[in-house]
Amino acid sequence: PSLKIRMCVKKKMILVLSGCAIIVRGQPRGGPPPERQINLSNIRTGALARRAPQSQPDQKDTPDEPYAFQAREFLRKMLIGKEVCFTVEVKTALGREYGMVYLGRDTTGENIAESLVNEGLATVRREGIRGNNPDQARLCDLEDQAKASKKGMWTEGGGTNTVRDLKYIIENPRNFVDSMHQKPVNAVIEHVRDGSVVRALLLPDYYLVTVMLSGVKCPTFKREADGTESPEPFAAEAKFFTESRLLQRDVQIILESCPNQVILGTVLHPNGNITELLLKEGFARCVDWSMAVYTQGAEKLRAGEKSAKERKVRIWKDYVAPTANMDQKDRQFVAKVMQVVNADAVVVKLNSGEYKTIHLSSIRPPRIEGEVHKRFRPIYDIPYMFEAREFMRKKIIGKKVNVTVDYIRAATSSSETSTIPAFAERTCATVTIGGINIAEALVSKGFATVIRYRQDDDQRSSHYDELLAAEARAIKNGKGLHSKKEVPIHRVADISGETQKAKQFLPFLQRAGRSEAVVEYVFSGSRLKLYMPKETCLITFLLAGIECPRGSRNMPGGMQVAEPFSDEAMAFTKELVLQREVEVEVESMDKAGNFIGWLHIEGVNLSVALVENALSKVHFTAERSSYYKTLVSGEEASRLRKDKIWANYEEKKVEEVVHVMEEKERTANYRAVYVTEITDTMHFYTQDVETGTQLENLMETMRAEIAAQPPVEGSYAARRGDYCIANFSADGEWYRARVEKVQSPAKVHVFYIDYGNREIVPSTRLAVIPPAFSTRTLAAQATEYTFAYIQVPQDEDARADVVDSLVRDIQNTQCLLNVEHSGVTCPHVTLQFADSKDDVGLSLVKEGMVMVDVRKEKHLQKMVTEYLNGQESAKTARLNIWRYGDFRDDDADEFGYKLKK
């Protein structure tokens, strides 16, 4: 029976089976649409080559018939991806359909069968022609014209030159791939096995090869025992995605590698790279083992996969990111490296002051196989562990790094049946400094290896591909762990607690003067373990000249309670020197074999720094040292501040001080100072003229560094007592400061330590002080004083008049200063004008602005008498407070003074 059906299929001409058979598809709705084969009526073309079944070795391959491939190519180039219309004229009992195919939306388009006949690529089946069928008659006319024109198969010679020499087998696939030198090869995709595996015909030599896309893997079709195929989720959709874009398209293929006889490559189409599209649309996942050979940039594949994961499309519909439950501030932050732990972890200090251990993602430090000896020291005994630690230490210790958390590895618990050790929860991250990935740098030098994961394990470094590439380079160049050279051995003698060895070593260290060392461990604020690189030994080192609070210790009688501020002292020492390169001066040793001396880091004496920060007291043994005066000066300043260990310190009574001083003579030792600030309470701050140049140089260098690397606004968390830098509102410049009070992030009280003025600023105008410009480099330059021999008026108006006068006369000018006696909060001094040498305080008295504070000490009586004479002359002239006569008997309070009883 003959039936006619007219149907248009829009843009889904997908496959040309031969010169006279095609497959079409409808529009996809919710999945891949059904396929339909249409055979062209009334014509015949040559049969394409067929490979003999592998199960029948006695059979031979069938070659192309002449012009069979040309007919197929003619249709392929005309129809693939185009919109066609067809009519079904005959449908056999087996369901095979024959009909006419037209290019376009309807039958007015080009008749495909007629075009084939006209080009001499098909013959007409004349045995079934009916005289009254105009379509058949036209085919016969076109065939006669082709014969007359000797087109196609009607040319002389029989067309043997049109038969392809198809190559189904490549004897040495690896050599074949290498011979292509990763250059694009023209090809036609003949078959799509799944979304990431295709069969391609390489032109012009007609190699038929199976190519697996480099770097990716799509869901596949698993063959069951009964021979049926069961698709993995989204396997059919992935195959359709690739088919609809590549099947029988002209493409270029870059053959990239051939591991285990599997050819890996990248298919390039004018409309894009199918590998990247599959990842972006969630049809494929990245494959580590083949990404290394991908030539178009592995970062593009990771970016495509990341995009699909974020959108949760297709195979990633249930995906949950490893850091999905973390806040942004916890996922990415800047921190200061305080310690390097082995070679795969660091301890960092956050802006909040909290310490956190960060493990480098996806790398494994050097390790040793087999049993270890009793005194096993991993850092020195594991090959390349010391080199790895030293590389990290020199690169990042004490510096700020960028931390990007990649994943949190859950805690594991060991059991009797398990060989897995117990680990606490680990934060694994990518750590960078100056754009350099520390893990990648370690791997590239052969100081670490990259961990391999299951394909579905997403807990890995965000720069995993770079790590793999770095490891490949290290292996190729024979670096570190991959070197075939003899393993480096570090014979480090530990003489800590070895009294006899220490005695032998002591004279050598004493003669050496300052020796280089690295602080390996901090036991307490003043007890450290040092590595001496030149001597290749470890020693225990005690800081000389100080008495540091002791921490808790196990004693024969039980646990000894820690002294106040012992933890703070240890934290201070750790932050300043742990794993830093230092210089030590060994003076002596104790009976336990511990060396005693002075430790210096970047010009800072650690003993002095502890004393200045009120975390240690000066020990009497420091008296014979050249650092004694500096230590005593620092201790005195800490005592006056009543800071930390001096918080409960009580000064001796004034009477006792006066008694001691009665025997002394007044000393006039005037020095040049610069008055920078005068307070409302008539206290004032000065800078020493001698150190003025140092301050100017420091400020200039500091501002240049800040301009080159501006601090991140809002990154500083202010805490009371912290030293920082502040942006002064009056001129917009940065100055050193100390936080005195934190009302709120918008109101932070700061004291400018070099000038003496105070200001309330938002925390956004504060930043961490660069270490090179801290008070250890140059002490705070503003020193507080008040006037000797003068009573400060209690009345606000009277006091304001005096302050105004002082601001006009001496603020921002150079004067001469002499300390007369100590006070409760600061020293009492006399000031002289630099030019006239007139006494500033005495001038105020003579102008009748203030009254005299009568001191009882004998050695000050000459100055007191001079001040009282000045007061009498002002009273006689009725100047200012004396304009109404001597008011002291009955109305002193009214004029802002209180009489001493």
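Residues numbered from 1 in each chain as written. Predicted model: local features only at pLDDT ≥ 70, side-chain atom pairs only at ≥ 80, totals over all residues. Heavy atoms only, no water.

Engineer: Can you walk me through the overall build of the protein in this structure?
Structural biologist: When helices and strands are tallied, the protein shows 22 helices and 50 strands. By the compact-globule yardstick of 29 Å for 901 residues, the protein is too spread out, its C-alpha radius of gyration being 45 Å. Dimensions of the protein along its principal axes, counting C-alpha atoms only, are 150 × 75 × 45 Å. Per-residue burial for the protein yields a buried fraction of 46% across its 901 residues. Pairs at least 24 residues apart make up 62% of the contacts formed inside the protein by residues separated by at least 6 positions. Element-wise, carbon and sulfur atoms account for 49% of the exposed surface of the protein, whose accessible area totals about 47600 Å². (Helix = DSSP H or I, 4+ residues; strand = E, 2+ residues; numbered from the N terminus. Rg over C-alpha atoms; globule rule 2.2 N^0.38 Å. Buried < 20%, exposed > 50% of the residue type's maximum accessible area, 1.4 Å probe, protein only. Contact = heavy atoms within 4.5 Å. Areas by Shrake-Rupley, 256 points an atom, 1.4 Å probe, with all protein chains shown as cover.)

Engineer: Which parts of the structure should I look at to understand the pairing of strand S40 (residues 683-688)?
Structural biologist: Within a regular strand, side chains alternate between the sheet's two faces. Along S40, five of the six residues are buried, which leaves the element largely enclosed by surrounding structure. Two elements, strand S39 (residues 671-678) and S40, share five bridges in a ladder whose sense is antiparallel. For Val673, the partnering residue across the bridge sits in S40 and is Asp688. (Pairing = 2+ DSSP bridges.)

Engineer: Explain the UniProt feature "domain: TNase-like" (unreviewed entry) in the protein to me, please; I cannot follow it from the model alone.
Structural biologist: On the UniProt side, "domain: TNase-like" (unreviewed entry) is annotated at positions that read residues 16-156, 183-318, 331-484 and 513-648 here. Secondary structure within residues 183-318 divides into 27% helix and 37% strand; the distance between the first and last C-alpha atoms comes to 39 Å. (UniProt positions renumbered as here; feature names shortened; annotations may be inferred.)

Engineer: Help me out: how do you make sense of the sheet that holds strand S45 (residues 766-768) in this one?
Structural biologist: Sheets are built from strands paired through backbone hydrogen bonds, the pairs being either parallel or antiparallel. With antiparallel pairing, five strands are arranged side by side in an open sheet as S44-S43-S42-S41-S45. Looking at which strands have only one partner, the edges of the open sheet turn out to be strand S44 (758-761) and S45. Across this sheet, the average inter-strand angle for adjacent strands is 45°, counted without regard to direction. Summarising the sheet, strand S41 (residues 723-727) and S45 pair through three bridges and their orientation is antiparallel. Paired with Cys724 across the two strands is Val768, which belongs to S45. Packing of helix H19 (residues 692-708) onto the sheet brings it into contact with S41 and strand S42 (734-744), and relative to S42 it is tilted by some 70°. (Axes fitted to C-alpha atoms, helices over the stretch in contact; angles between N-to-C directions.)

Engineer: What's the story with the packing of aromatic side chains in this structure? I'm lost.
Structural biologist: Two aromatic rings, taken as a pair, are described by how far apart their centres are and by the angle between their planes. One pass over the full model with this rule turns up 22 aromatic pairs. Judged by centre distance (4.8 Å) and plane angle (50°), the ring pair of Phe176 and Tyr207 falls under tilted. Linking Phe176 in helix H4 (residues 173-179) with Tyr207 in strand S12 (residues 207-213), this pair joins segments that are 31 residues apart in sequence. What makes Phe176 buried here is its relative accessible area of 10%. Consider the rings of Tyr735 and Tyr755, whose centres lie 5.5 Å apart with planes at 90°: the pair is edge-to-face. Of this pair, Tyr735 sits in strand S42 while Tyr755 sits in the loop between strand S43 (747-751) and S44; the two residues are 20 residues apart in sequence, bridging distant segments of the chain. Its relative accessible area of 13% is what places Tyr735 among the buried residues. (Phe/Tyr/Trp six-rings, centres within 6.5 Å; stacked < 30°, edge-to-face > 60°.)

Engineer: Explain the pairing of S42 here, please?
Structural biologist: Both S41 and S42 contribute to a ladder of five bridges, which runs antiparallel. Counted as the bridge partner of Cys724 is Ala737 from S42. If you look at the hairpin formed by S41 and S42, you'll find six residues sitting between the two strands, and Gly732 has a positive phi there, around 75°. Here S42 pairs with S43 via five bridges, running antiparallel. The residue bridging Lys741 from the neighbouring strand is His749, located in S43. As consecutive antiparallel partners, S42 and S43 are separated by two residues.

Engineer: Explain the sheet that holds strand S49 (residues 828-833) to me, please; I cannot follow it from the model alone.
Structural biologist: A barrel is described by the order of its strands in space; here five strands give the closed sequence S39-S40-S46-S49-S48, paired in mixed fashion. Averaged over neighbouring strand pairs, the angle between their axes works out to 60° when direction is ignored. Judged from the two bridges that link them, strand S46 (residues 783-787) and S49 form a sheet pairing that is parallel. By the bridge assignment, Thr786 is partnered in S49 with His828. Across the face of the sheet, helix H20 (residues 796-810) comes into contact with S39, S46, strand S48 (814-821) and S49 while running at roughly 130° to S39.

Engineer: Sorry, what's going on with helix H14 (residues 499-512) here?
Structural biologist: Residues three or four positions apart in an α-helix share a direction because the helix packs 3.6 residues into each turn. Between its terminal C-alpha atoms H14 stretches 20 Å, which fits the 20 Å expected from 14 residues at 1.5 Å a residue. At Phe505, H14 shows its strongest bend, of approximately 35°, with the proline Pro507 following within four residues. Within the sequence span of H14, burial applies to Ala502, Phe505, Leu506 and Leu509. Buried residues belonging to H14 abut strand S29 (514-522), strand S30 (527-532), strand S31 (537-543), strand S35 (581-589) and strand S36 (595-601). Looking one or two residues beyond H14, the residue adopting positive phi is Gly513, at roughly 70°. (Expected span 1.5 Å × (residues − 1). Bend = angle between axes of the 7 residues up to and from the residue.)

Engineer: Sorry if this is basic, but what is going on with unusual backbone geometry here?
Structural biologist: Residues other than glycine predominantly adopt negative phi, and peptide bonds predominantly adopt the trans conformation. Cis geometry marks the peptide bond from Leu203 to Pro204, where omega comes out at 5°. You can see Pro204 is positioned in the loop between strand S11 (197-202) and S12. Despite not being glycine, Tyr67 shows a phi value in the positive range, around 65°. With respect to the element layout, Tyr67 can be found in the loop between strand S5 (43-44) and helix H1 (68-79).

Engineer: Looking at this structure, I do not really get the pattern of salt bridges. What am I missing?
Structural biologist: Two side chains carrying opposite charge are able to pair once their charged atoms lie near each other. What the rule picks out here adds up to 51 salt bridges. Between Lys317 and Asp318 there is a salt bridge whose closest N-O contact spans 3.2 Å. Judged by relative accessible area, which is 47%, Lys317 ranks as partly exposed. For the salt bridge of Asp494 with Lys529, the shortest nitrogen-to-oxygen distance reads 3.4 Å. Here Asp494, found in strand S28 (residues 493-494), pairs with Lys529, found in strand S30; they are 35 residues apart in sequence, far enough to count as distant. Each member of the pair, Asp494 as well as Lys529, is classed as buried. One network of salt bridges, in which partners are shared, links Asp288, Arg302, Glu305, Lys309, Asp458, Arg460 and Asp465. (Salt bridge = Lys/Arg side-chain N within 4 Å of Asp/Glu carboxyl O.)

Engineer: Would you explain the environment of Tyr674 in this entry?
Structural biologist: Looking at the element boundaries, Tyr674 is found in strand S39. On the basis of relative accessible area, Tyr674 is assigned to the partly exposed category, the value being 33%. Setting aside residues no more than four positions away along its own chain, Tyr674 makes contact with Tyr685, Thr686, Gln687, Val689, Asn812, Thr813 and Gln814. Of note is the side chain of Tyr674, whose polar atom sits 2.9 Å from the backbone oxygen of Asn812. (Polar contact = N/O pair within 3.5 Å; in protein donor to acceptor, adjacent residues only side chain to side chain.)

Engineer: In this structure, what is going on with the environment of Ala493? I would like to understand it.
Structural biologist: One can find Ala493 in strand S28. A sequence separation of 43 residues divides Ala493 from Thr536, and the C-alpha atoms of the two residues are 6.7 Å apart. For Ala493, the residues in contact, after removing those within four places along its chain, are Thr536, Cys537 and Leu538.

Engineer: Quick question: what am I supposed to make of the layout of surface pockets here?
Structural biologist: In this approach the atoms are scanned with a rolling probe the size of a water molecule, which exposes any empty space left behind. A volume near 1200 Å³ is recorded for the second largest pocket. Arg302, Lys306, Lys309, Ser461 and Ser462 are, among the 41 residues lining the second largest pocket, the residues nearest its centre. The biggest single contributor to the lining of the second largest pocket is helix H8 (residues 298-311), with eight residues. Counted by class, the lining of the second largest pocket contains 16 nonpolar, eight polar and 17 charged residues. (1 Å grid on protein atoms, 1.4 Å probe; cavity = no way out; pocket = protein on both sides within 12 Å on 5 of 7 lines; lining within 4 Å. Points joined across faces, edges and corners; volume = space filled by probe spheres on them. Nonpolar A, V, L, I, M, F, W, Y, C, P; charged D, E, K, R; others polar.)

Engineer: Any chance you could explain a negative patch on the surface here in plain terms?
Structural biologist: Taken together, the side chains of Asp680, Glu796, Asp797, Asp801 and Asp804 define an acidic patch exposed on the protein surface. You can see Asp801 is positioned in helix H20. Given the relative accessible area of 45%, Asp801 is considered partly exposed. (Patch = residues over 30% accessible without salt bridge, like charges linked within 9 Å, V, L, I, M, F, W, Y side chains within 5 Å. Lys, Arg positive; Asp, Glu negative; His and termini not counted. Charge placed at Lys NZ, Arg CZ, Asp CG, Glu CD.)

Engineer: Even after reading the chapter, I still don't get H20, so can you show me in this structure?
Structural biologist: For H20, with 15 residues, the first-to-last C-alpha span of 21 Å sits near the 21 Å given by 1.5 Å per residue. Residues of H20 that are buried include every one of Ala798, Arg799, Val802, Val803, Ser805, Leu806 and Ile810, and no others. The arc that holds the buried residues of H20, viewed along the axis, is 160°, so those residues lie on one side. Away from its buried face by more than 90 degrees, H20 exposes Glu796, Asp797 and Arg808. Residues of H20 that are buried make contact with S39, S46, S48, S49 and helix H21 (840-846). (Arc of directions from axis to C-beta.)

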